[in-house]
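# Coordinate analysis (summary)
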Amino acid sequence: MRRIFLSLILVVSFAGISAGQDYGTALGFRFGTGAGVTIKHFISRNNAIEGLLLTRWSGFELTGLYEVHHEAFDTERLKWLYGGGAHLGFYDGNRVEWGDPGYAYNIVGVDGIIGLEYSFREVPINLGLDLKPALNIIGYSAFWTEFGFSVRYTF
């Protein structure tokens with residue numbers, strides 16, 4: 001009985017959070033300079049957190065972002081977004097053109113994001129297109145900008 005009660009509270013809370021936007025949580029794939037998995041969850045009507053696990057340069061990168069969403073072009077279900085966050089990455093210097101052979105890179109940096117996303121009404125799919133600049137602060141110092149295209153299942 002206790003588990004049912006706690007589950008009911010969780011469902012009601014989740015429904016309340018997701019009522020202000022087109023979806024509450026979305027999980028899918030991101031394609032671009034770095035390819036991988038994306039998960040986004042709205043924590044309030046216009047604010048979301050997004051996690052990215054990307055592969056690139058024969059390594060991987062974990063990114064956490066805080067995003068603010070607003071309606072775009074007076075079009076229902078089309079949102080523009082901006083935000084920022086941080087990343088942590090691990091790369092093999094033998095497998096990248098900019099690295100030193102025999103050296104493993106552990107990097108930490110900051111990220112920004114700006115983009116557009118559209119959520120379909122008929123099917124639980126969300127499409128996103130964004131620009132994400134990043135700056136490594138620890139490890140191999142570098143600045144780069146990547147474009148990303150995300151396809152997510154919404155629930």
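Residues numbered from 1 in each chain as written. Predicted model: local features only at pLDDT ≥ 70, side-chain atom pairs only at ≥ 80, totals over all residues. Heavy atoms only, no water.

### Focus: the overall build of the protein chain
To keep it simple, the criterion reads: The helix and strand labels rest on DSSP assignments: H or I over at least four residues marks a helix, E over at least two residues marks a strand, and numbering proceeds from the N terminus. In this scheme, a residue with accessible area under 20% of its type's maximum is buried, one over 50% is exposed, and one in between is partly exposed, where area comes from a 1.4 Å probe on protein chains only.
Tallying secondary structure elements over the protein chain gives one helix and eight strands in all. Ordered by position from N to C terminus, the α and β elements of the protein chain give α-β-β-β-β-β-β-β-β. Here the protein chain holds 155 residues, and 37% of them are scored as buried.

### Here's the deal with the environment of Arg45
Along the chain, Arg45 falls in the loop between strand 2 (35–42) and strand 3 (47–56). A residue is classified by how much of its surface remains accessible, and Arg45, at 54% relative accessible area, is exposed.

### Considering the pairing of strand 7 (residues 125–138)
The condition that has to hold: We call two strands paired when DSSP finds no fewer than two bridges between them.
As defined by bridge partners, strand 6 (residues 104–119) adjoins strand 7 across ten bridges and the pair is classed as antiparallel. Bridge pairing links Tyr118 to Leu127 in strand 7. Once strand 6 ends, the chain turns through five residues before running back antiparallel as strand 7. Pairing between strand 7 and strand 8 (residues 143–154): eleven bridges, direction antiparallel. Among the inter-strand pairings, Leu127 is bridged to a residue of strand 8, identified as Val151. The antiparallel hairpin formed by strand 7 and strand 8 contains four residues in its connecting segment, where Gly139 sits at a positive phi of about 95°.

### Overview of the sheet that holds strand 2
Formally: For helices, the fitted axis covers only the stretch in contact; all axes are lines through C-alpha atoms, and the angles between them, taken along N-to-C directions, range from 0 to 180 degrees.
The eight strands lie next to each other as 1-2-3-4-5-6-7-8, forming a closed barrel whose pairing is antiparallel. Taking each pair of neighbouring strands and ignoring which way they run, the sheet shows an average axis angle of 25°. Pairing of strand 1 (residues 25–32) with strand 8, which is carried by seven bridges, proceeds in the antiparallel orientation. Looking at strand 8, one finds that Phe31 is bridged to Phe149.

### Thoughts on the side chain of Arg30
Heads up, the condition is: Nitrogen and oxygen atoms within 3.5 Å of one another constitute a polar contact, given that in protein one can donate a hydrogen and the other can accept it, and given that sequence-neighbouring residues count only through two side-chain atoms.
Tracing the backbone shows Arg30 in strand 1. Here the side chain of Arg30 touches Asp130 through a polar contact of 2.7 Å, side chain to side chain.

### Here's the deal with the confidence of the model for the protein chain
Keep this limit in mind: The pLDDT score gives, residue by residue, the confidence of the prediction method on a 0 to 100 scale. It only takes one pair of heavy atoms within 4.5 Å for two residues to be counted as in contact.
Per-residue confidence for the protein chain gives a mean pLDDT of 86; residues scoring 70 or more make up 83%. In the predicted structure, residues 4–20 sits below a pLDDT of 50 and forms ten contacts with residues beyond four places in sequence or in another chain.

### Let's talk about the packing of aromatic side chains
Threshold: Planes of paired rings set the category: under 30 degrees apart is stacked, over 60 is edge-to-face and the rest tilted, where pairs are Phe, Tyr or Trp rings (Trp by its six-membered ring) whose centres lie within 6.5 Å.
The full count for this structure, using the stated rule, is six aromatic pairs. For the pair Tyr105 and Tyr140, a centre-to-centre distance of 5.5 Å together with 80° between the ring planes defines the contact as edge-to-face. Here the residue Tyr105 occupies a position in strand 6, and Tyr140 occupies one in the loop between strand 7 and strand 8, the gap between them amounting to 35 residues. Taking relative accessible area as the criterion, Tyr140 reaches 28% and is therefore assigned partly exposed. Ring centres 5.0 Å apart and planes at 85° place the aromatic pair Tyr118 and Phe120 in the edge-to-face group.

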